[in-house]
Amino acid sequence: MKMNKIIIYLTLAIILIAGASAIGIAPGSVDVDSSKSRQETFYIINNEAKDMNVVIYAQGENSEYLTLSNSIINIKANEQTKAFTVTIDAPNLQKPGKHEIQLIAMEMPDETNSQNTIATRQAVLSKINIVVPYPGKFIEAELVTPDKNSEEFVFGVKVKNLGNEIINEATARIEIYSPTNDLVASIQTDKKSIKSQEMREIVARYDNKLNIGKYYAKAIVNYDGKELVLEKTFEIGNLMIDIDNIYVSSFKLGDIAKFDIVLESKWNELITDLFADVEIKDKYGNVQTKFKTREIDIKPYSKEFLDAYWDTKDVTIGKYQAKISLHFLGNNIDRTISLDVKEDSIDIDMMPTAMAINPASSEPSERDSMIIIIVIVSMLVNVGLFIIFARRKKS
């Protein structure tokens, strides 16, 4: 019996995680005030335009405070949505804060299926949060920082009044720090009053320019004499190392050529353990050699030399192409250059090849890994359920 329960719970969990597109439910979540009885309308979405029956039920510690208008809904193929209502009445809920109840809608098995056929059905959920106000003045807040590619530097604080009293004045001072904890700027937001259970955003604009790099923001929120401190890191622009120049000096064919690669950091943090992979091809595209450079560190907004060495013992005069791949902090930057090898010099043409930042890892994404796990576990669960039903049928 215990194993049966585990398999059933696993099946429900997998269905809720993998829940594809057969059915949907809207809205995805609602917040309701515990002090008032309230009726909310939800919609079952028939994404596959088919006949089906959907069972609806509430799950959670306080699910007894919900009353459903329907526990089973019949949807026709020509119905895109079907409405049902939920009445929330929680006068006896006393503990301040949010109390989450899950509203689950699950497609029922087709009665025409054979008894020995186990079909995984879709399930979706919505969340109903019953909010019990805190006594007095109490807030929940979120610090909003500029988008990394934004040309305007607007900061905000989203303030939700979770208390049972009005907040007459909410404002915030936002401090911006560099990675070395130096204060870059301090700005003040506007002021707003916030009713109980209302959310408003207070905003501040930084009119000067922020250089490319990583920053740390600290917001000191003041609401009617009380304070709340929020912290957040954010980035402006993309992490970038530029190959500023490459040259070879004192060269003679057959010797080891030393390439001096001048790198320029356009980032405001120390970049450590940077190295390059170099691949050189002849004019026919045949790889002549591959090698790796040493590792170096680059200080913020500075230039640094990265040296690379090419043994030209068996190299002939002619045209070559070199691909330089920089690796740093989990990123790659590729640059292709043209080499004209002569008896006593190497001329370098910095080809106008675009540099792109790419994730260094070629590992499967978390989402891909999750999908693989879900498929495997779902197969195992279905086999387990088949065995259970088969044994019950025999007995």
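### Some thoughts on the side chain of Thr 145
Here Thr 145 is to be found in the loop between strand S10 (139-144) and strand S11 (153-161). Those residues within four positions of Thr 145 in sequence are excluded, and the remaining contacts are Val 154, Phe 155, Ala 217, Lys 232 and Phe 234.

### Notes on unusual backbone geometry
Across the junction of Ala 26 and Pro 27, the peptide omega takes the value -5 degrees, indicating a cis bond. Among the structural elements, Pro 27 can be located in the loop between strand S1 (23-26) and strand S2 (29-33). A positive phi angle, near 50 degrees, is found at Asp 224, a position not held by glycine. In this structure, Asp 273 is a non-glycine residue whose phi angle is positive, near 55 degrees. With respect to the element layout, Asp 273 can be found in strand S20 (residues 271-282).

### Describing the pairing of strand S8 (residues 97-107)
Among the 11 residues in S8, eight count as buried, and that is most of the element. Judged from the six bridges that link them, strand S4 (residues 52-59) and S8 form a sheet pairing that is antiparallel. Its bridge partner lying in S8, Ile 56 is registered against Ala 105. Taken together, the 10 bridges between S8 and strand S9 (residues 123-132) define a ladder with antiparallel strand orientation. Within S9, the position partnered with His 99 by the bridge is Ile 130.

### A few points about the confidence of the model for the protein chain
This prediction gives the protein chain a mean pLDDT of 84; 81% of its residues lie at or above 70. The model gives residues 1-20 a pLDDT under 50, and that stretch makes 30 contacts with residues more than four places away or in other chains. For the stretch residues 353-367, pLDDT sits under 50, and the model shows 28 contacts to residues farther than four places along the chain or on other chains.

### Here's the deal with the sheet that holds S2
Spatially, S2-S9-S8-S4-S6 is the arrangement adopted by the five strands of the open sheet, whose pairing is mixed. Edge strands, defined here as strands with exactly one partner in the open sheet, are S2 and strand S6 (72-75). Averaged over all pairs of adjacent strands, the angle between their axes in this sheet comes to 25 degrees, without regard to strand direction.

### Some points on the packing of aromatic side chains
Applying the stated rule across the entire model yields seven aromatic pairs. Taking the centre distance of 3.9 Å and the plane angle of 15 degrees together, the rings of Tyr 134 and Phe 138 count as stacked. For the ring pair Tyr 177 and Tyr 216, a centre distance of 5.7 Å and an interplane angle of 45 degrees mean the geometry is tilted. Taken together, the residues Tyr 177 in strand S12 (residues 167-177) and Tyr 216 in strand S16 (residues 213-223) connect sequence positions 39 residues apart. Exposure remark for Tyr 216: the relative accessible area of 22% places this residue in the partly exposed category. A cation sits over an aromatic face here: Lys 292 above Phe 275, 4.4 Å from the ring centre.

### With respect to the sheet that holds strand S3 (residues 38-46)
Pairing within the open sheet is antiparallel, and its four strands lie in the order S1-S3-S7-S5. Each edge of the open sheet is held by one strand with a lone partner, namely S1 and strand S5 (66-68). With strand direction ignored, the average angle separating the axes of adjacent strands in the sheet is 25 degrees. Of the strand pairs in this sheet, S1 and S3 are connected by four bridges, and their pairing is antiparallel. Across the sheet, residue Ile 23 finds its bridge partner in S3, namely Asn 46.

### Let's talk about the nonpolar core
Leu 263, Trp 310 and Leu 326 are the most contacted members of the largest nonpolar core, which has 34 residues in total. Those elements that place two or more of their residues in this core are strand S18 (241-248), strand S19 (256-265), S20, strand S22 (296-298), strand S23 (303-311), strand S24 (318-328) and strand S25 (331-341). Excluding anything up to four places from it in sequence, Leu 263 contacts Ile 241, Asp 242, Ile 243, Leu 274, Ile 296, Ile 298, Ser 302, Lys 303, Glu 304, Leu 306 and Leu 326. Within the second largest apolar cluster, 26 residues are counted, among which are Ala 170, Ile 174, Ile 176 and Tyr 206.

Basis of the calculations
- Every chain's residues receive numbers from 1 upward, in the order its sequence appears when written.
- Under the rules for a predicted model, residues below a pLDDT of 70 receive no local features and side-chain atom pairs below 80 are neither given nor counted, while totals for whole chains, interfaces and linings still include all residues.
- Water and hydrogen atoms play no part in the side-chain values, which are based on all heavy atoms of the structure.
- Runs of E in the DSSP output that reach at least two residues are strands. Runs of H or I that reach at least four are helices, and both are numbered from the N terminus.
- Residue contacts are defined here by distance: any two heavy atoms, one from each residue, within 4.5 Å place the two residues in contact.
- A simple rule labels every residue: compare its accessible area, found with a 1.4 Å probe on the protein chains alone, to the largest value its type can have, and call it buried under 20%, exposed over 50%, or partly exposed in between.
- Strands qualify as paired when DSSP identifies two bridges or more between them.
- The score called pLDDT rates the predictor's confidence residue by residue, from a low of 0 to a high of 100.
- Angular values range over 0 to 180 degrees, each being the angle between N-to-C directions of two axes fitted as lines to C-alpha atoms, with helices fitted over their stretch in contact.
- Stacked, tilted and edge-to-face are the three classes assigned to paired rings of Phe, Tyr and Trp, where Trp is represented by its six-membered ring and a pair needs centres within 6.5 Å; plane angles under 30 degrees give stacked, over 60 edge-to-face, the rest tilted.
- Criterion for a charge above a ring: Arg CZ or Lys NZ at most 6 Å from the ring centre, at most 35 degrees from the ring normal.
- For the purposes of this section, nonpolar cores are sets of buried Ala, Val, Leu, Ile, Met, Phe, Trp, Tyr and Cys residues that join through side-chain atoms within 4.5 Å.

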